[in-house]
Each structure stands twice: as structure tokens, then as C-alpha cells.
Amino acid sequence: AEAQAEAAVTQAELAKSQADVISAQDLVTSLGAGDVKQALQDRLDTLKEQIAQAEYLADAAVTQAELTNSQVAIDAAQALINLLGEGTVKQALQDRLDKVKEDSADNAEKAKAAVDKADDSKAHEDVNTAQTLIDVLGDGTVKEELQDRLDSIKEAIAHAEQAADAAVTKAEESKTQQDVEDAQVLIDVLADGVVKQALQERLDAVQAVITARLAVE
């Protein structure tokens, strides 16, 4: 019986599974009082403490991953879960982490699609939508890459709007048909929105002045 209990405790120490701990405890409990039983119980108690600590750390790591959605937190939680012995606690933690991974993947796909749309349209509304979706992502390479892409799109939009604004200003100052036409080309490439509308209204006003002047002449 002692040899069987010893083997069971050793197995529990190796596997660190709940089932093996319970089996070993049953065998140790059935032994008669003595030094052997006490030594095995001490080993088993130490193992239980180690398992409890490992489960606590893994649980805390999964909670952190749930709160942050960051890839670093997800990877850290997975590493701690992997150290646990098989059982209901490990399975429950893995299920929770898998949900985080799934949600993170879904959110990343939505953010990528939004950035693609913003890249195609160059519209402020699409850029703002993409930024909102990027903001909810956990820190990591995916978020960084999408943010870099969106920042480039924002810069391209700003450059195009500045060029159109400068051209409209030039037309306002010169009031020549050529400058109006040059400005119109730059306005036409802008995405629909308040900026484009404001520039178009300014340019239309210049065109009205030119048209009225030509009518008088």
C-alpha cells in the first residue's frame, strides 16, 4: 500500500493534474499513521500549494489578457496555462483565453477592413471609423501596423487638402480662369466631406466673380 501511495504521489508530482492529486490523496489517507504517511502527505501538501499558486497566476494572467487584449498578455497567459496539469481548472482558463484570442482576431479583422476602406475612400468619416476600431485593439504588432497604415492615409489626406487649399487661395488672389481650373482639379480628387465642400464653395465664389467680369466685358 505504501509503495502504491508513493507511486501515486510521484505521478501527481509529475502530471500536476487534479485527478492524480485526488487519487494520490485517497491512497495516502488510507495508510496507517506513521512516518511514511506523513512524508507522503507533506509532499502532497506541497504539491497542492504549488498547483494552487500556478492556477492563481494563470487565472490572473487570463484576467489581464481579458482586460487589455494585448498580444503580450495573451502569450503570457497561454504560457502559464500550458504549465498547468490537465483538469477542469486548466480547461476553464483555456476556454476563457480562447475567447480572448477569438475576439482579438475578430477585432483585428474589422480594423483591417476599416483601414482598407479608408485607404480606398480617403474620407474623414472612414478614417475616424478605422481609428476607433484600432483604438480598441490590444497593444501588439497588428495594432502598430494598422496604426502606421492609417497614419500614412491621414498624412496623404492632409497633404491633398493643403494642396487644394493653397490652389484655391491662389485663385482667390489672382482671379484667373487657369488658377480656378487648376484648383478644381485638386478639389476633385478629394473625398466628399466638409473640407471639400468648403473649398468648392470658395472656388465657386471666385468663378462667379470671373464669370461676372467676363459678362461685363
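To keep things clear, this report deals only with the structure shown in the data block. (Residues numbered from 1 in each chain as written. Predicted model: local features only at pLDDT ≥ 70, side-chain atom pairs only at ≥ 80, totals over all residues. Heavy atoms only, no water.)

Brief notes about unusual backbone geometry
Residues other than glycine seldom take positive phi values, yet Lys 16 does so here, at roughly 55 degrees. With a phi close to 50 degrees, Lys 175 is a non-glycine residue in the positive phi region. Following the sequence through the fold, Lys 175 ends up in the loop between helix H7 (141–174) and helix H8 (177–188). (Helix = DSSP H or I, 4+ residues; strand = E, 2+ residues; numbered from the N terminus.)

Quick word on a negative patch on the surface
A cluster of acidic residues, Asp 95, Asp 98, Glu 102, Asp 106 and Glu 109, forms a negative patch on the protein surface. By the element assignment, Glu 109 lies in helix H5 (residues 88–121). Taking the relative accessible area as the measure of exposure, Glu 109 reaches 53% and is therefore exposed. (Patch = residues over 30% accessible without salt bridge, like charges linked within 9 Å, V, L, I, M, F, W, Y side chains within 5 Å. Areas by Shrake-Rupley, 256 points an atom, 1.4 Å probe, with all protein chains shown as cover. Salt bridge = Lys/Arg side-chain N within 4 Å of Asp/Glu carboxyl O. Lys, Arg positive; Asp, Glu negative; His and termini not counted. Charge placed at Lys NZ, Arg CZ, Asp CG, Glu CD. Buried < 20%, exposed > 50% of the residue type's maximum accessible area, 1.4 Å probe, protein only.)

Details of the nonpolar core
For soluble globular proteins, nonpolar side chains are generally found buried alongside one another. One finds Val 115, Val 127, Ile 134, Leu 146, Leu 150 and Ile 153 to be the most contacted residues of the largest nonpolar core, which totals 13 residues. Among the elements that make up this core, the one with the highest residue count is H5 (five residues). Among all residues touching Val 115, those that are not within four sequence positions of it are Ala 130, Ile 134, Leu 146, Arg 149 and Ile 153. (Core = buried A, V, L, I, M, F, W, Y, C linked by side-chain atoms within 4.5 Å. Contact = heavy atoms within 4.5 Å.)

Quick notes on the side chain of Lys 90
Here Lys 90 is to be found in helix H5. Taking relative accessible area as the criterion, Lys 90 reaches 14% and is therefore assigned buried. Setting aside chain neighbours within four positions, we find Lys 90 in contact with Ile 81, Asn 82, Leu 84 and Gly 85.

Looking at H7
Given a rise of 1.5 Å per residue, 34 residues ought to cover 50 Å, and the 49 Å separating the end C-alpha atoms of H7 matches this to within 8%. Looking at H7, one finds that the buried residues are Lys 143, Leu 146, Gln 147, Leu 150, Ile 153, Ile 157, Glu 161, Ala 164, Ala 167, Val 168 and Ala 171. Against the buried residues of H7 lie H5, helix H6 (124–135), H8 and helix H9 (194–216). Backbone geometry just downstream of H7 places Lys 175 in the positive-phi region, at approximately 50 degrees. (Expected span 1.5 Å × (residues − 1).)

Quick notes on the environment of Leu 57
Considering the arrangement of structural elements, one finds Leu 57 in helix H3 (residues 35–68). Once the C-alpha coordinates of Leu 57 and Ile 81 are considered, the two residues, 24 residues apart in sequence, prove to be 9.0 Å apart.

Some points on the packing of helix H1 (residues 2–15) against helix H2 (residues 18–30)
Two elements in contact, H1 and H2, have axes whose closest approach is 8 Å; the angle formed by their N-to-C orientations is 160 degrees. If you check the angle between H1 and H2, you find them roughly antiparallel. Seen along the crossing, H1 lies across H2 with a hand that is left-handed. When H1 is examined against H2, the residues Gln 4, Ala 5, Ala 8, Val 9, Gln 11, Ala 12 and Ala 15 are found in contact with a partner set consisting of Asp 20, Val 21, Ala 24, Leu 27 and Val 28. Of the residues in the contact of H1 with H2, the class split is nine nonpolar, two polar and one charged. (Axes fitted to C-alpha atoms, helices over the stretch in contact; angles between N-to-C directions. Parallel < 35°, antiparallel > 145°, perpendicular 65-115°, else oblique. Left-handed = near helix turned anticlockwise from the far one by under 90°. Nonpolar A, V, L, I, M, F, W, Y, C, P; charged D, E, K, R; others polar.)

Considerations on the packing of H6 against H7
At a minimum axis distance of 10 Å, the contact between H6 and H7 shows a crossing angle of 160 degrees. Comparing the axis directions of H6 and H7 gives the class roughly antiparallel. Classified by chirality, the crossing of H7 by H6 is left-handed. In this structure, H6 uses His 124, Val 127, Ala 130, Gln 131, Ile 134 and Asp 135 to contact H7, whose residues at the interface are Lys 143, Leu 146, Gln 147, Leu 150, Ile 153, Lys 154, Ile 157 and Glu 161. Its residues assigned to classes, the contact of H6 with H7 shows seven nonpolar, three polar and four charged.

Here we look at the side chain of Gln 41
Assignment of secondary structure puts Gln 41 in helix H3. Setting aside chain neighbours within four positions, we find Gln 41 in contact with Gln 25, Val 28 and Lys 48.

Some words on the pattern of salt bridges
Two side chains of opposite charge can pair, provided their charged atoms sit close to one another. Counting across every chain of the model gives 16 salt bridges. Taken together, the salt bridges that share partners define one network made up of Lys 112, Asp 116, Asp 119, Lys 122 and Arg 149.

Details of helix H4 (residues 71–82)
Since the α-helix packs 3.6 residues into each turn, any two residues three or four apart lie on the same face. With twelve residues, H4 extends 16 Å from end C-alpha to end C-alpha; this agrees with the ideal 16 Å at 1.5 Å per step. Within the sequence span of H4, burial applies to Ala 73, Ile 74, Ala 77, Gln 78 and Ile 81. What you see down the axis of H4 is that its buried residues fit within an arc of 135 degrees, all on one side. Looking at the buried residues of H4, the elements they touch are H3 and H5. (Arc of directions from axis to C-beta.)

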